[in-house]
Amino acid sequence: MFDAKKVAAEAPAPRSTVVLGMGGTIAGRAAAASDTVGYVAGQVPVAELLSGLGSDPLPPLLSEQVAQIDSKDMSHAHWQALAQRCTHWLAQDEVCSVVITHGTDTLEETAWFLQQVLQTHKPVVLTCAMRPATAVLQDGPQNLLDAVTVSRDPQARGVLVVAAGTVHSPAHVQKEHPYRLDALSSGPSGPLAWVESGRLRWSSLPNPNQPHAHAATALTRPVEQWPWVAVVSSHAGVDPRQIDAWVSAGVQGLVVAGTGNGTLHTALLSALQTAAQAGVALRLCTRCAHGPIVGETTAITCAPRELNAFKARVSLMLDLMV
Ligand code: SIN
């Protein structure tokens, strides 16, 4: 978790980029350089990642370690600390952009959360790696360099994700492969841009950030008081007793990943209707990897159509943060 002692002591030079470290494989260490699977994520300090970027002249960079974790362990407390540190740095005139080094596993959720809560048009660029920092052929340093490049591009604004030479929007990016270097994809929506030898080729320009109405609350409300929202899925043989268990345990919202075009197993639907009557907020999305639900298919309100279940969970949590 964020440690005030590790805050960069220097004042930022004009047009600085601040690099915030969250951990991940990009900061991972393995016992052998040939090992790209049996490593521990979140080991190498972000300042060390920057010092490994080679001898080419770089723009003014500051770094700060906000967390040092495997992103599978991301918590709401980590998110709030990260959003607070982004807000702190972005408010400074000398800082023109923020880059975040992060694990790939939950990067899409963090990117969507930040896009919803940060009130800035300055670029905030998340990057990551699929190979640890100890690998013979690492992808992290190039991704980090690309992220700095993107963050300083005059057309960049708001929250963006950069990996494997490709720039993604938080709404569309998704981890689609457990091992490949280009594990992140925007699916049929396609990337926003490509980084080609230090230059950007935009396919479409990012929209300015439009923060959620409860963005300020997410930055200040103790995370123990954030609404409890869970993800459930419709599938063959689904047991509706799980919904009763969630409701009895006090869940406030459920995102339901339906089959195909958002259809739900009959047994699940009736349990969900009972949950709604008990005051649980419901949102529907599809468990398909790509494509939005078309039309209205059940009595349950659709989540924003471009979002997968895990990003829809973030949105519903913010909706309930009244
Ligand atoms: C993580 O998400 O922290 C580990 C996996 C990765 O970064 O690729």
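No experiment lies behind these values; they were computed from the predicted model shown.

Peer 1: Report on the pairing of strand β14 (residues 253–258), specifying residues and quantitative values.
Peer 2: Burial analysis of β14 places six of its six residues in the buried class, the great majority of the element. Where burial is concerned, the two faces of β14 agree: the one with Gly 253, Val 255 and Ala 257 and the one with Leu 254, Val 256 and Gly 258 are both buried. For the segment spanning strand β13 (residues 229–233), helix α6 (residues 241–249) and β14, crossover handedness is right-handed. Summarising the sheet, β14 and strand β15 (residues 281–286) pair through six bridges and their orientation is parallel. What sits directly across from Gly 258, in β15, is Thr 286. Traced from β14 through helix α7 (residues 266–277) to β15, the parallel crossover comes out right-handed.

Peer 1: Outline the domain arrangement of the protein, listing residues and values.
Peer 2: According to the domain assignment, the protein consists of domain 1 (11–202) and domain 2 (227–319). Centre-to-centre separation of domain 1 and domain 2, based on C-alpha positions: 30 Å. Summed over both sides, the interface of domain 1 with domain 2 buries roughly 1200 Å², with 60% coming from carbon and sulfur. By the criterion of area lost to domain 2, the three top residues of domain 1 are Glu 109, Trp 112 and Gln 174, representing 38% of everything that side buries. Put simply, domain 1 and domain 2 have zero salt bridges between them. The interface formed by domain 1 and domain 2 contains 10 residue pairs in polar contact (both at pLDDT 80 or more).

Peer 1: Explain the side chain of Thr 110 to me, using residue names and the numbers behind them.
Peer 2: Within the secondary structure, Thr 110 is located in helix α3 (residues 107–117). Look at Thr 110 and you get buried, because its relative accessible area is 0%. Polar contacts involving the side chain of Thr 110 include one to the side chain of Trp 79, which spans 2.8 Å. Those residues within four positions of Thr 110 in sequence are excluded, and the remaining contacts are Met 74, Trp 79, Leu 82, His 102 and Leu 126.

Rules and cut-offs
Residues numbered from 1 in each chain as written. Predicted model: local features only at pLDDT ≥ 70, side-chain atom pairs only at ≥ 80, totals over all residues. Heavy atoms only, no water. Buried < 20%, exposed > 50% of the residue type's maximum accessible area, 1.4 Å probe, protein only. Helix = DSSP H or I, 4+ residues; strand = E, 2+ residues; numbered from the N terminus. Right-handed = clockwise from strand over helix to strand, strands pointing away. Pairing = 2+ DSSP bridges. Domains from an automatic or database assignment. Buried area = accessible area lost by both parts, 1.4 Å probe. Salt bridge = Lys/Arg side-chain N within 4 Å of Asp/Glu carboxyl O. Polar contact = N/O pair within 3.5 Å; in protein donor to acceptor, adjacent residues only side chain to side chain. Contact = heavy atoms within 4.5 Å.

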